[in-house]
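Per-entry structural report
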Amino acid sequence: MSDDASTRQEEEVEALAAIYGDDWCVVSEQAHIYSIQVRNEDPKSHRTINVEITMPPGYPTESPPLYQLTAPWLRREEKQTLEDSLADIYCENLGESMIYLWIERIREVVQAQLDNSQSDSSPQTSQSASAVRDEDENDGEFDLSDLVITTIEQPDDGEVMECPPINSGEPIVDRRSTFQGHLAPVVHKKQVKQILDTLYQNKKIANATHNIYAYRICQGGTVYQGCEDDGETNAGSRMLHLLQILDSDNVMVVVSRWYGGILLGPDRFKHINNAARGLLEEHGYIKSKESKKGPKSGGKKKR
């Protein structure tokens, strides 16, 4: 890190600590990781957005800060809109310190949610909200048997493929956060979206704080693989690395996380990988030690 970048980061952290007081927390001074709970003006409201921010060595002159938003009540499209606005702020302030601008933009979103809820409040609305909560609670069993099995048509030969069977694992609960794994066999890249679309028919899965996934498809000696963090920085790539080191092929794993209001730190990655690994082992996607021959780093697999 250049002296200029280091000095500017120190000055920005001091300013943010002075502005936000106890709400601004140092997670790791050495790794330049910080967190803040952004609240609205109503002290009785529980709607907050937890923000974890990492200042990389190149910030602010060469690269943007990294961030993770945690807000279980925020709908997926609302979260995407917020992330787009944060990207716009970065583009408009290249080379400048911008974390304060980000936090205040996030605060605007939190406050807008409060204003909307207050303007819409009525006995009838409250009753509807209660009904929605009951429906969500009943939807928590993760019974995927009633989902509509989607189909796709392969562009190469017109063959129609049904969505592969999806299996869910046992939930892992830690400090009110819940992690739930889902697994499906895959032989075609188009099945990745098909599996996600099928899972999102379950309202609780669709409203999860994060739906992280990774897949590996091995066909004719060619490996197709990919992953998605869904806002949980580096979680998807870690899960893909798990598939690689376990030599798990033609499989997709999805881990849904519902945030419980308490930051878990690195433990969240442990739970995500354990949820995925448990399903891989249960359904026979972890090859036995006897079947693994030779080094796995950069070597070609024998089939």
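Residues numbered from 1 in each chain as written. Predicted model: local features only at pLDDT ≥ 70, side-chain atom pairs only at ≥ 80, totals over all residues. Heavy atoms only, no water.

For the protein chain, an unreviewed UniProt entry supplies the name Protein IMPACT and the organism Mizuhopecten yessoensis. What the UniProt record of the protein chain gives under Sequence similarities (unreviewed entry) is the line "Belongs to the IMPACT family." (UniProt positions renumbered as here; feature names shortened; annotations may be inferred.)

Right, let's talk about the overall build of the protein chain for a bit. Secondary structure summary: the protein chain contains eight helices and 12 strands in total. Every one of the 303 residues in the protein chain was classed for burial, and the buried ones make up 41%. (Helix = DSSP H or I, 4+ residues; strand = E, 2+ residues; numbered from the N terminus. Buried < 20%, exposed > 50% of the residue type's maximum accessible area, 1.4 Å probe, protein only.)

The next thing to look at is the environment of Arg 268. Structurally, the position occupied by Arg 268 is in helix α8 (residues 267–282). Each residue touching Arg 268, except ones within four places of it in the same chain, is listed here: Glu 52, Gln 68, Phe 179, Glu 232 and Arg 257. In terms of polar contacts, Arg 268 uses its side chain to reach the side chain of Gln 68, at 2.9 Å. (Contact = heavy atoms within 4.5 Å. Polar contact = N/O pair within 3.5 Å; in protein donor to acceptor, adjacent residues only side chain to side chain.)

Our focus in this paragraph is helix α1 (residues 3–20). Taking 1.5 Å of rise per residue, the 18 residues of α1 would be expected to cover 26 Å, and the 26 Å separating its terminal C-alpha atoms lies within 8% of that figure. All buried positions along α1 are accounted for by Ala 5, Gln 9, Glu 12, Val 13, Leu 16 and Tyr 20. Mapping the buried residues of α1 onto a view down its axis gives an arc of 100°, with all of them on the same face. The outward face of α1, more than 90 degrees from its buried face, is lined by the exposed residues Asp 3, Glu 14 and Ala 18. Downstream of α1 by one or two residues, Gly 21 has phi in the positive range, about 60°. (Expected span 1.5 Å × (residues − 1). Arc of directions from axis to C-beta.)

Summed over the entire model, instances satisfying the criterion amount to three aromatic pairs. Seen from their ring centres, Trp 24 and Tyr 34 are 5.4 Å apart, and the 20° between their planes marks the pair as stacked. Linking Trp 24 in strand β1 (residues 24–28) with Tyr 34 in strand β2 (residues 33–38), this pair joins segments that are 10 residues apart in sequence. Seen from the ring of Phe 269, Arg 238 lies directly overhead, with NZ or CZ sitting 3.9 Å from the centre. (Phe/Tyr/Trp six-rings, centres within 6.5 Å; stacked < 30°, edge-to-face > 60°. Lys NZ or Arg CZ within 6 Å of the ring centre and 35° of its normal.)

As a further point, take the sheet that holds strand β4 (residues 66–70). One open sheet accounts for four strands, arranged β1-β2-β3-β4; its pairing is antiparallel. Since the sheet does not close on itself, it has two edges, and those belong to β1 and β4, each with one partner. Taking the axes of each pair of neighbouring strands and ignoring which way they run, one obtains an average angle of 20° across the sheet. Pairing of strand β3 (residues 49–54) with β4 involves five bridges; the strand directions are antiparallel. Counted as the bridge partner of Thr 54 is Leu 66 from β4. (Pairing = 2+ DSSP bridges. Axes fitted to C-alpha atoms, helices over the stretch in contact; angles between N-to-C directions.)

Attention shifts here to unusual backbone geometry. Cis geometry is adopted by the peptide bond preceding Pro 60, which originates at Tyr 59 and carries an omega value of 5°. Despite not being glycine, His 32 shows a phi value in the positive range, around 60°. Summarising the element assignment, His 32 is placed in the loop between β1 and β2. Even without glycine at this site, Arg 176 takes up a positive phi of about 75°. For Arg 176, a relative accessible area of 59% translates into the label exposed.

For the rest of this paragraph, the subject is the nonpolar core. Grouped together as the largest cluster of nonpolar side chains are 27 residues, with contacts concentrated most on Trp 24, Ile 49, Val 51, Leu 82, Ile 99, Ile 103 and Ile 106. Residue assignment for this core shows that the elements contributing at least two residues are α1, β2, β3, α2 (76–92) and α3 (99–120). The greatest single-element share of this core, amounting to six residues, is contributed by α3. Apart from the residues lying within four places of it in its own chain, the contact partners of Trp 24 are Val 13, Leu 16, Ala 17, Tyr 34, Ser 35, Ile 36, Ile 53, Ile 99 and Ile 103. Of all hydrophobic cores here, the second largest spans 21 residues; its members include Phe 179, Ala 214, Val 253 and Tyr 285. (Core = buried A, V, L, I, M, F, W, Y, C linked by side-chain atoms within 4.5 Å.)

This paragraph deals with the pattern of salt bridges. Counted by the stated rule, this structure contains 13 salt bridges. A salt bridge links Arg 75 to Glu 78, with the nearest nitrogen and oxygen atoms 3.1 Å apart. Three or more residues are tied together by salt bridges with common partners; here these are Glu 52, Glu 232, Arg 257 and Arg 268. (Salt bridge = Lys/Arg side-chain N within 4 Å of Asp/Glu carboxyl O.)

Turning next to the side chain of Asp 174. Looking at the element boundaries, Asp 174 is found in strand β8 (residues 172–174). Given a relative accessible area of 16%, Asp 174 falls into the buried group. Reaching out from Asp 174, the side chain makes a polar contact with the side chain of Arg 175 at a distance of 2.9 Å. Look past the residues within four positions of Asp 174 in its chain and what remains in contact with it is Leu 264, Asp 267 and His 271.

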